[in-house]
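Spelled out, the chains give:
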Number of protein chains: 2
Amino acid sequence: MARTPRSSKLLAASRGDVEVDLLIRGGKIFSTATREWVETSLAIADGVIVGWGDRPAKEIIEVAGRHIVPAFIDAHMHLESTKLWIDEFVPLALANGTTTVIADPHEIANVFGIPGVSALIDAAKKQRFQFLVSASSCVPASKFESPGATLGPDSVASLLDDHGAIGVAEVMNYPGVIYGDDDVLAKIASANGRRVDGHAPSVRGKDLDAYLTAGVESDHECTTFEEAHEKRQKGMWIFIREGSASKNLRELIKTVKVGGTDRVALCTDDREPSTLIEDGHMNDCLKIAVECGISPEDALVLATSNPAEYHQLYDLGSLGPGYQADVVVLEDLVSFKTNMVFHRGVQVAKDNIALPAAINLSPPPTWMLSSVNTEQKKHYDFFIDLDDSDIVRVIVVHENSLLTNERHTPATQLDNLSRIAVIERHHKTGRYGVGFVEGFGIERGAIASTVAHDAHNIMVVGGLDESSNNDMNIAIERLREIGGGQVAVLDGKILAEVRLNVGGLMSTLRAPEVAAQLRTLEEAVHSGLKGTLKEPFMTLSFLGLSVIPDLRITDLGLIDVVAFDKTTLKV
Amino acid sequence: MARTPRSSKLLAASRGDVEVDLLIRGGKIFSTATREWVETSLAIADGVIVGWGDRPAKEIIEVAGRHIVPAFIDAHMHLESTKLWIDEFVPLALANGTTTVIADPHEIANVFGIPGVSALIDAAKKQRFQFLVSASSCVPASKFESPGATLGPDSVASLLDDHGAIGVAEVMNYPGVIYGDDDVLAKIASANGRRVDGHAPSVRGKDLDAYLTAGVESDHECTTFEEAHEKRQKGMWIFIREGSASKNLRELIKTVKVGGTDRVALCTDDREPSTLIEDGHMNDCLKIAVECGISPEDALVLATSNPAEYHQLYDLGSLGPGYQADVVVLEDLVSFKTNMVFHRGVQVAKDNIALPAAINLSPPPTWMLSSVNTEQKKHYDFFIDLDDSDIVRVIVVHENSLLTNERHTPATQLDNLSRIAVIERHHKTGRYGVGFVEGFGIERGAIASTVAHDAHNIMVVGGLDESSNNDMNIAIERLREIGGGQVAVLDGKILAEVRLNVGGLMSTLRAPEVAAQLRTLEEAVHSGLKGTLKEPFMTLSFLGLSVIPDLRITDLGLIDVVAFDKTTLKV
């Protein structure tokens, strides 16, 4: 990213010949390069840090010995996972000291394609925030999914060259990379000197070598120290993830203890609104890193200068003159709670709470609110003709894991299973796939969601009886009515719902409301539907992701991910 | 720099499905990210590192436990200072383990402008080497110099956008930066996301803040620990220089001991051919750094991954899969002598000596050999009319310093001085400036040079008598005849000379010949002309550089650098 050209006036402020806008005085400034704390004043003019040391100033803020650090940078995240629209996410992030995220918009891209990404970028421009987008490289995740839009190599190049994407986003199709798929290699090549982010869970040894040889430069999917350390040794950047579901920081921080901080950054990847509200954002990652025994200075580098360096953000992530004045005054180096947050020299948070300056409404365009394109009041009959001698493939889900298993079950022994269906919802094709799933504990009623990675069709799970089939239909129709979201239905009644009307993924409500609705919905599944999974909608939302082993389901039917092909319900 | 797109065939080699070209086996591979040594094999195909660990290979090289490191990168240098043309410099650099330099071609740019830079880039393309050029930002160094060509903001932008310059080269006009000169700021802005190198000797405090605020990102002119450390704390990159004349490593390495290796790289800036032959290149810097108590691992980072990171060379400076196969097998971690050197997987040196693969002749175009454009056999009369009551300004030079002083001397007391003249030699204007200089010890005869920073006009020093005036004329004419170089003349006879016929700056001879000629020339000055300076031509070549205090001389006459204006010979 290029710096904004500098004016003579700015240099005069730097020299002390004219007043600066703001002087932050009495604190300890963190030097990311030398990891020292320097007791001096920070002078800011026109949103830029113009000097260290006292100067004539229009405004002086005293910080009474507090630690002054660069605002935080999230090396990789998906806005859609927060279920919040940009103008609601930003104040939450700012309150926690984050002024920059590198977002892969591949969920909204699956729904709306480039127009969706472009609308999000436009809305983000109205925020006091750097919402930097990388070019989603795997839309759809595979040919077995039916998204609203597809991004080929030309679209990826267009996101980079015409829409300001700063790099290529996580290349999830790692078999495609390793085996040299032309389209995937073309997408990587379109980076053309910009960064190429990876997504290579458990990929190691020669497979990792091939993945790296192709030109992928980072990974945020490591789950063990050994995996992360091998990747770093081989020159790959590791983004240590601490999301709502995937929490890898405590394990992976070992690679920093062994090998220092080079080529490591922190990221959140996927954080639910409740996590953002209760635990925070990058400051929460810093707190945990220090709890694990990393020095505050090393931890800070992982959330400031390191991600800036990787993402070529040469005017962010440090507090030297010439850097953008994105500044956090910390309460302490243990909780990492923010005392003050500044974006381009404007104070946007105080005592870990967003100030009015942080709130800038930029609602999504109306067309983003109508993404559930299914036939009105259509009745689906999800029953499957089975003989007693038939054996069927069942998707088995587990608590705390996105992996599934495939179980072969006689048609006579389906009693404690649930039915699962995926209804194409982007192009009103009426196409749907149906199967059986074990592990939800739902034997009556239904739950449904338009959040369904990555194609985000409607995914519905219900009991096997006639009444549940009716509830599944009610759930599907309800999602159509409210423009997308998540819902629980029992005996013909809607127990609870969350309206995610932006693309069927995000809400236009306030964060606490969304968090409360999500909690109520989960409680309804537990108490009303006797669901046994702790986070049934999290599990549900990944059952259509045709690149995570073993067995998945899309509107095209069952997908054997290991064989990477469609398969039949009956064995 | 973008990576070359990767082929399916390369990935097959990476997976081990087809033979790789080369396997380097039995060594310890250096991981720049974790600073560990990993005992494994390095697999190379199509010039790219494709994996760690054994694979089927067409060729296997055993290295018997030796240390394998990324080839070295010189963060900042001037080819012209080596006095060698590119095809002679490259084998020397390769033999010493350097495969990449970032060169500021501002000497040749002063002589020939963009065509000269472009010809150099073209010649460099024929080498097995990365000769990366940055866009010279200060040609000429000031308005008081008369170069062959001038590079305005448009030319700097053209070097970046049309000629592949990777960043903006050292912004020497630091007063212009600090006081917001429009042209200088425009040149900085033309970087547009690429790097902006600095040149700010002794600039600290608020001046440094302004220099940084303008967007300059690095400096290689620090001479004290305190200066370097302040710059680093403020986020500036420090290139620690160890040249032939300016040797800053032993002092500046303290900043690494105090604050670690972040934002530090090593560079040579200006190395004479004798230094390259006798001491080496970046490997010499590494040897000294380790002598100073830095660990070999930290030192290596300063000459490999750090300069690669700063200069956005994402496929250089590390040995992971996907990186270009620029590899050095070291003899040891003390001498840093090379055992083998590979560029793009091709062995180019063995036992610190270049192999035939390293030698690729690419002579300069003929027009570069005719840069001395003065009137044939013109006789200059350098005598100055002085009254006994006159007082003149004298340039005083010192051993081991580029700084000069201004001394006011009565016209009656000029006995032990020398005369100095600068003759414009690019546009045949006949213009010349004349003055007095103290410190050379030359009272009879003359020395002259077309190497004369930065405009590279002819600079000549001689005794005050008629015979010396004649010798000065002979020297000037000789430089015209041989197309530029350096020469010593006494009593009408040429004692010694070095032919630097490429732009008057570089030789087309072999490095040892050039070094020998330079040595002979200096000896001639010492014994024949009784010159007292250890390196008279080094001192001479900087006396026209109108940006180094206090008093300089150009073809326009005396320049008071402190006042930054022309001045008169008579006080």
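The notes below deal with the structure included here. The shown structure was predicted, so the numbers you read here are calculated from the model rather than taken from an experiment.

What counts and what doesn't
- Residues numbered from 1 in each chain as written.
- Chains lettered and ligands numbered in written order.
- Predicted model: local features only at pLDDT ≥ 70, side-chain atom pairs only at ≥ 80, totals over all residues.
- Heavy atoms only, no water.
- Helix = DSSP H or I, 4+ residues; strand = E, 2+ residues; numbered from the N terminus.
- Contact = heavy atoms within 4.5 Å.
- Buried area = accessible area lost by both parts, 1.4 Å probe.
- Salt bridge = Lys/Arg side-chain N within 4 Å of Asp/Glu carboxyl O.
- Least-squares fit on C-alpha atoms with pLDDT ≥ 70 in both.
- Pairing = 2+ DSSP bridges.
- Axes fitted to C-alpha atoms, helices over the stretch in contact; angles between N-to-C directions.
- Buried < 20%, exposed > 50% of the residue type's maximum accessible area, 1.4 Å probe, protein only.
- Arc of directions from axis to C-beta.
- Polar contact = N/O pair within 3.5 Å; in protein donor to acceptor, adjacent residues only side chain to side chain.
- Disulfide = S-S within 2.5 Å.
- Left-handed = near helix turned anticlockwise from the far one by under 90°.
- Nonpolar A, V, L, I, M, F, W, Y, C, P; charged D, E, K, R; others polar.

### Some details on the side chain of B:Asp315
Phase 1: Looking at where B:Asp315 falls in the secondary structure, it is placed in the loop between helix 15 (305-310) and strand 16 (327-330).
Phase 2: Excluding anything up to four places from it in sequence, B:Asp315 contacts B:Arg3, B:Arg6, B:Gly322, B:Tyr323 and B:Gln324.

### Side note on the interface of chain B and chain A
Phase 1: Across the contact, 61 residues belong to chain B and 61 residues belong to chain A.
Phase 2: Summed over both sides, the interface of chain B with chain A buries roughly 4800 Å², with 53% coming from carbon and sulfur.
Phase 3: When residues of chain B are sorted by the area they lose upon contact with chain A, B:Arg15, B:Thr213 and B:Tyr314 head the list and together hold 14% of the total.
Phase 4: Counting across the interface, chain B meets chain A through six salt bridges.
Phase 5: A salt bridge links A:Arg55 to B:Asp209, with the shortest nitrogen-to-oxygen separation between them at 2.7 Å.

### Focus on the relation of the copies chain B and chain A
Phase 1: When chain B is fitted to chain A, the best match, at an RMSD of 0.1 Å, comes from turning it 180° and sliding it 0.0 Å along the axis. Considering both components of the superposition, the chain copies are consistent with a two-fold axis.
Phase 2: A shared binding surface is used by both copies, with 100% of the interface residues of chain B retained as interface residues in chain A.

### Things to note about the sheet that holds strand 10 (residues 130-133) of chain B
Residues and elements named next belong to chain B.
Phase 1: Ordered by their spatial adjacency, three strands build an open sheet running 8-9-10, and the pairing between neighbours is parallel. Whereas interior strands pair on both sides, the edge strands pair on one side only; in this sheet they are strand 8 (72-77) and strand 10. Averaged over all pairs of adjacent strands, the angle between strand axes in this sheet comes to 15°, irrespective of strand direction.
Phase 2: Here strand 8 pairs with strand 9 (residues 98-103) via four bridges, running parallel. Bridged to Asp74 within strand 9 is Val101.
Phase 3: The strands touched by helix 2 (residues 86-95) within the sheet are strand 8, strand 9 and strand 10, with strand 9 carrying the most contacts at an inclination of about 130°.

### With respect to the pairing of strand 13 (residues 264-267) of chain A
Residues and elements named next belong to chain A.
Phase 1: The alternating pattern of strand 13 places Val264 and Leu266 and Ala265 and Cys267 on opposite faces, both of which are buried.
Phase 2: In this sheet, strand 13 lies alongside strand 12 (residues 237-241) in parallel orientation, the contact comprising four bridges. Note that in strand 13 the partner of Ile238 across the bridge is Val264.

### Digging into helix 13 (residues 282-291) of chain B
All names here are of chain B.
Phase 1: The buried fraction of helix 13 is high, at eight of 10 residues.
Phase 2: Here helix 13 has its buried residues at Met282, Asn283, Asp284, Cys285, Leu286, Ile288, Ala289 and Val290.
Phase 3: Buried residues along helix 13 sit against strand 8, strand 9, helix 10 (249-252), strand 15 (264-267) and helix 14 (296-303).
Phase 4: The positive-phi residue at the C-terminal boundary of helix 13 is Gly293, with phi of around 105°.

### Considerations on helix 7 (residues 182-189) of chain A
Phase 1: Of all the residues in helix 7 of chain A, the buried ones are A:Val184, A:Leu185, A:Lys187 and A:Ile188. The arc that holds every buried residue of helix 7 of chain A, seen down its axis, measures 155°, which confines them to one face.
Phase 2: Along its buried surface, helix 7 of chain A packs onto helix 5 (153-162), strand 9 (167-171), helix 6 (174-178) and strand 10 (195-198) of chain A together with helix 1 (8-15) of chain B.
Phase 3: Capping the start of helix 7 of chain A, A:Asp181 holds a side-chain oxygen 3.1 Å from the backbone nitrogen of A:Asp183, two or three residues further along.

### A few points about the side chain of A:Asn469
Residues and elements named next belong to chain A.
Phase 1: As for its position among the elements, Asn469 is in helix 16 (residues 466-482).
Phase 2: A distance of 3.1 Å separates a polar side-chain atom of Asn469 from the backbone nitrogen of Phe382.
Phase 3: When residues no more than four places from it in sequence are discounted, the contact partners of Asn469 are His379, Tyr380, Asp381, Phe382 and Phe383.

### Digging into the state of the cysteines
Phase 1: Evaluated as defined, the whole model comprises zero disulfides over all chains.
Phase 2: A:Cys292 forms no disulfide, and the closest cysteine sulfur to it belongs to A:Cys285, at a distance of 11 Å.
Phase 3: Between B:Cys285, a cysteine without a disulfide, and B:Cys267, which holds the nearest cysteine sulfur, the sulfur-to-sulfur distance is 7.7 Å.

### Digging into the packing of helix 13 of chain B against helix 14 of chain B
To characterise two packed helices, one gives the angle between the axes of the helices and the distance between these axes.
All names here are of chain B.
Phase 1: Across the interface, helix 13 lies against helix 14 with an axial gap of 9 Å and an inter-helix angle of 145°. Considering the relative orientation of helix 13 and helix 14, their crossing is right-handed. Counted together, Met282, Leu286, Ala289 and Val290 of helix 13 and Pro296, Ala299, Leu300 and Ala303 of helix 14 form the full contact between these two elements.
Phase 2: Broken down by class, the residue content of the contact of helix 13 with helix 14 amounts to eight nonpolar, no polar and no charged.

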